[in-house]
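Okay, here's what each chain looks like letter by letter:
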Amino acid sequence: VRPGKRQRHPKPPFVTSSLQAEAGNRLHFSPRQTMRLAQQLYEGIDLGGEQVGLITYMRTDSTHVAPEAQQEARAFVRERWSEVFLPSRPPVYRSKVANAQEAHEAIRPTSVRRTPEAVRPYLTPEQAKLYDLIWRRFLASQMAPAVYDTLTVEVTAAQDYLFRASGQTLIFPGYLAVYEDQDEEPTGAPLPPLHVGEEVDLIQLLPEQHFTEPPPRYTEA
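For every chain, the first residue of its written sequence is number 1, and the numbers climb from 1 along that sequence. With pLDDT at 70 or above as the cut-off, local features in this predicted model cover only qualifying residues; side-chain atom pairs require 80 or more to be listed or tallied, and sums for whole chains, interfaces and linings still use all residues. To obtain the side-chain values, all non-hydrogen atoms of the structure were included, while hydrogens and water were left out.

A. Molecular detail of the layout of surface pockets. The computed volume of the largest pocket comes to approximately 970 Å³. Points on a 1 Å grid, built from protein atoms alone, make a cavity when a 1.4 Å probe fits but cannot get out and make a pocket when they are open with protein on both sides within 12 Å along at least 5 of 7 lines; residues with an atom within 4 Å of a point are the lining residues. Together, 27 residues line the largest pocket, and V153, V155, F163, A165 and V200 are the ones closest to its centre. Secondary structure elements follow DSSP: runs of H or I of four or more residues count as helices, runs of E of two or more count as strands, with numbering from the N terminus. Going through the elements one at a time, strand 4 (146-157) and strand 5 (161-172) are the ones with two or more residues in the lining of the largest pocket. The residue classification treats Ala, Val, Leu, Ile, Met, Phe, Trp, Tyr, Cys and Pro as nonpolar and Asp, Glu, Lys and Arg as charged. All others, Gly included, are polar. Here the residues of the lining of the largest pocket are counted per class, giving 17 nonpolar, five polar and five charged. Grid points are joined across faces, edges and corners, and a volume is the space filled by probe spheres set on the points.

See the structure below:
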């Protein structure tokens, strides 16, 4: 019986390519549609008589975030959740792109105080969906990792057979309170408490064979 802990860290805020891919996966937007909507959010939306740009420049390959934006996000998380949802210091994400243009920031809301709920009445449904995605991804990127209790159990039978089971239980949601990762590998149901030497009853054997699947074809994004 091997108990343990596992942390799951948030992803960096969006750059152009990751925004197109995620909007394609979650919202079924084409890259062209995503960029058109992002351009509208960047150029400005009429919020009750005031023209306001809701996101930073959407053509960027940098994950850099301005310190003042990080501090605003940390204050917002502290108010809405609590201090425990914040890492001890603001995270720094390294760009995966060689020679990234660090002059631009990552794609983020110009103010996290403009929540998706607050601006939704002024946006089209498609604009609202994209803004919600950008807002949540940025806020999550500034939050603490999720924490799981893990349990791996090995069971012998007749000293000839070895069976292994593993499971995990979420004990602290962290950034998952805002943004659920969709590409996380499922790791099975939580296991009951077990101890070394305990005898367990065999209820059923499921002889299943698993094959590794090739990755799916690329989408346009």
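B. Up close: the sheet that holds strand 1 (residues 2-8). Pairing between strands is defined by DSSP: at least two bridges between the two strands are required. Taken in spatial order, the three strands of this open sheet run 1-4-5, and their pairing is antiparallel. Each having just a single partner strand, strand 1 and strand 5 make up the two edges of the open sheet. Sheet twist, expressed as the average angle between the axes of neighbouring strands with direction ignored, equals 25°. Here strand 1 pairs with strand 4 via seven bridges, running antiparallel. Residue pairing across strands places Q7 opposite V147, the latter belonging to strand 4. Where helices are involved, their axes are fitted lines through C-alpha atoms of the stretch in contact, as for all axes, and angles between N-to-C directions lie from 0 to 180°.

C. Structural context of the nonpolar core. What we call a nonpolar core is a set of buried Ala, Val, Leu, Ile, Met, Phe, Trp, Tyr and Cys residues that are connected through their side-chain atoms within 4.5 Å. Here's how the labels work: a residue is buried when its accessible area is under 20% of the maximum for its type, exposed when over 50%, partly exposed in between, all with a 1.4 Å probe on protein chains only. By size, the foremost hydrophobic cluster in this structure holds 47 residues, and its most contacted members are L41, L54, I55, L123, L130, Y131 and L139. Counting residues per element, the ones that place at least two in this core are helix 1 (16-27), helix 2 (31-43), helix 3 (67-80), helix 5 (125-141) and strand 4. With residues near it in sequence (within four places) discarded, L54 still touches L41, I45, L47, R108, P109, T110, R114, V119, L123 and Y131. In this analysis, two residues are considered to be in contact whenever any of their non-hydrogen atoms come within 4.5 Å of each other.

D. Local environment of the pattern of salt bridges. The salt bridge criterion pairs a side-chain nitrogen of Lys or Arg with a carboxyl oxygen of Asp or Glu, the two atoms within 4 Å. A complete count under the given rule lists nine salt bridges for this structure. Between R78 and E83 there is a salt bridge; the shortest N-O distance is 2.7 Å. Using a relative accessible area of 45% as the deciding quantity, one classes E83 as partly exposed. Note that R136 is salt-bridged to D132, the shortest N-O span being 3.1 Å.

By themselves these figures say nothing about function.
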